[in-house]
Every structure is written in C-alpha cells, then in structure tokens.
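Here is what each chain is made of, one letter per residue.
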Amino acid sequence: MGTGVLERYRDLLPVNEETPIISMGEGDTPLVRSRHLGPELGCPDLFFKLEGCNPTGSFKDRGMVVAIAKAMEENSVGVMCASTGNTSASAAAYSAYCGLAAWVLIPKGEVALGKLAQAMAYGARILLVDGNFDAALALVREFTDNNPITLVNSVNPHRIEGQKTAAFEVSDILGDAPDYLFIPVGNAGNITAYWRGFVEYHQLGQNDTLPKMMGFQAAGAAPIVLGKPVAFPQTIASAIRIGNPASWKQAERARDQSGGTIDSVYR
Ligand SMILES: *Cc1c(COP(=O)(O)O)cnc(C)c1O
C-alpha cells in the first residue's frame, strides 16, 4: 500500500473535494505476531502493532496528517501546539512537508530533549513558556482563536479521526476486531480513537465483534485509575506523563462500553 491514511480510508475520514490528499507514508505499520511473550503467557495470537514505524516515529502521524490537511483546506498559514514530545515532532514534520509554519510552546523545565531536537530539525519555532503544560496550552488556544493558525493538540478533533485508522488496519489484517486491545493512556486520545475505529467498523458490518479496551497508565500518573487529576504526574514514560487527560470522559466510555479496564502499572 504505502499510500497514507487519507487516501486509503478517505471514505471514513473528514475528506471532501477541497481536502488535499497528502501523505508522508504514515499508517500501514506492521502487525507482528509475538514470538516470546505470547507463548510465555499461553496466548498464541498476541500481536504488536509497530507504530514506531510511522514517519516521525509515533502514531501521532496518523492524526497529524488529517489535522494538517484540514488546516490547508481552511487556508491556515501555520500550526501551533503545546508539547514536548511526539506531537511536536509530528506537527513540525508535516508542516515542513506542506510549507506551513509550526510553533511549539513548551513549559520551561519540562523538555524531552530528544523529541524537541526532532521538532527543531524539521524547522519548528520553539517558544518557552514560564508555566506548566496547561498554561502553554491556554496560550496556544488564545493565539489560534485569534489568528489563521491551527491548533494541533489532541483537542483538535481531526487528530482522533486520523488515529482511528489504526483500528481499521488491525481489523483489515485480522479479518475482525481482536478480543482485547492493550494500550497506554496519557491524554487518552488514542484509546478514544481506537474505540471509535472499532465501533465504526462494527456499525458498517465490516467487523462482527468489538474488542475489550485495556488501557494502562503509569502508577505515578494514573488520574483515570484514581478517579481524580494528579497535580504532579511522575513517570519515566514521558509520553503518558499526564495528570488531567483531555479525553478522560471518552476513555471511560470506551472502557465501560467495551467491558474493559483502565489500570496502572509500574512508575
Ligand atoms: C502520545 C503518546 C502516548 C499517549 O497517547 P494519548 O493519546 O495521549 O493517550 C503514548 N505513547 C506514545 C509513544 C505517544 O506518542
């Protein structure tokens, strides 16, 4: 395939005649059968979806390609996000590809250097905010509300739309939904997106079944497990160091409707 998610799943995405069908080759990532963990656990049909194979190294590219295409459709001149992680790398790469400017606001002192280096290499402009992530996001909201600049944090609904294509791919390969889907939960956008993808395929009659959604937070950053925001989330897994998830309610709905769980592990 290698055509990208907008082309491949255009009928199930917010694509119209004005939407540019762009692609850096995101999606169509390998679904690899486990050779060790699966047999050890007595589960011969355990698969890993290698989302690190996306163009900038994370599943964020699936949602970003849709968000950027919609930004171009709306004649945006640039994009902006608050992020120290994979979102900024993805936003910067797709912006460079499409000739848009990219601004990344980062809370002072919370810099994931590797990921920031990636965004800088793609030409994003980095702005340090004297405050936490919430303060940075508030500034992004204010600026994008008043300028022809598109907000590409996960509160941008096109991000979730694009990310649901991972559920389509898993289903296309297996011929149905899996029994269980295990997924890390930070802002809870991705668990929301997978659930939406599986529900849509089920409604279309493409899948007979729905999976149980098994979400996992780090023990030091587990607001959904604890049932309340965590003021100072701590974990070495910086992509899920989130104290107050943006898609909290949607994640709980996915858990409850699917009969799955959201649990915490390690730190
Ligand atoms: C963004 C990200 C997550 C967290 O996803 P959410 O949608 O915020 O729950 C987990 N792992 C990686 C590698 C990520 O880039």
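It should be emphasised that the depicted structure is a prediction, and the values quoted were computed from it without experimental measurement.

K.L.:
Would you mind going over the site of the ligand with me for this structure?
P.N.:
Phe59, Lys60, Asn86, Val185, Gly186, Asn187, Ala188, Gly189, Asn190, Ala239 and Ile240 make up every residue found near the ligand. Within the backbone of glycine 186, an N or O atom sits 2.8 Å from an oxygen atom of the ligand. Glycine 189 places a polar main-chain atom, nitrogen or oxygen, 3.1 Å from an oxygen atom of the ligand. Protein burial of the ligand: of its 390 Å² of free accessible surface, 81% is covered by the chains. Along the lines of polarity and charge, the residues of the shell around the ligand split into five nonpolar, five polar and one charged.

K.L.:
Any chance you could explain the pairing of strand S7 (residues 180-184) here in plain terms?
P.N.:
Each regular strand shows side chains that alternate between the opposite faces of the sheet. Taking every second residue as pointing to the same face, the buried face of S7 carries Leu181 and Ile183, while none of Tyr180, Phe182 and Pro184 on the other face is buried. In the classification by handedness, the crossover that spans S7, the intervening helix H9 (residues 189-203) and the parallel strand S8 (residues 212-218) is right-handed.

K.L.:
What is the right way to look at helix H5 (residues 113-121) in this model?
P.N.:
In an α-helix, one full turn covers 3.6 residues, which means residues spaced three or four apart are oriented alike. Within H5, the full set of buried residues consists of Leu116, Gln118 and Ala119. Viewed along the axis of H5, the buried residues span an arc of 155°, placing them on a single side of the element. In H5, the exposed residues that point more than 90 degrees away from the buried face are Leu113, Gly114 and Ala121. Against the buried residues of H5 lie helix H4 (86-98), strand S4 (101-107) and strand S5 (125-129).

K.L.:
So what exactly am I meant to see when it comes to the nonpolar core here?
P.N.:
General note: in soluble globular proteins, nonpolar side chains tend to be found buried as a group. Ranked by size, the top nonpolar core spans 29 residues in total, and within it Leu6, Ile22, Val65, Ile68, Val79 and Val152 carry the most contacts. If you list the elements that add at least two residues to this core, you get helix H1 (5-8), helix H3 (60-73), strand S3 (78-82), H4, S4 and H5. At seven residues, the largest contribution of residues to this core is made by H3. With sequence-adjacent residues up to four places away left out, isoleucine 68 is seen in contact with Ile22, Val79, Ala91, Tyr94, Ser95, Cys98 and Leu100. Ranked by size, the runner-up nonpolar core spans 18 residues in total, among them Ala188, Tyr194, Trp195 and Ile262.

Conventions we followed
Residues numbered from 1 in each chain as written. Predicted model: local features only at pLDDT ≥ 70, side-chain atom pairs only at ≥ 80, totals over all residues. Heavy atoms only, no water. Near = heavy atom within 4 Å. Polar contact = N/O pair within 3.5 Å; in protein donor to acceptor, adjacent residues only side chain to side chain. Areas by Shrake-Rupley, 256 points an atom, 1.4 Å probe, with all protein chains shown as cover. Nonpolar A, V, L, I, M, F, W, Y, C, P; charged D, E, K, R; others polar. Buried < 20%, exposed > 50% of the residue type's maximum accessible area, 1.4 Å probe, protein only. Helix = DSSP H or I, 4+ residues; strand = E, 2+ residues; numbered from the N terminus. Right-handed = clockwise from strand over helix to strand, strands pointing away. Arc of directions from axis to C-beta. Contact = heavy atoms within 4.5 Å. Core = buried A, V, L, I, M, F, W, Y, C linked by side-chain atoms within 4.5 Å.

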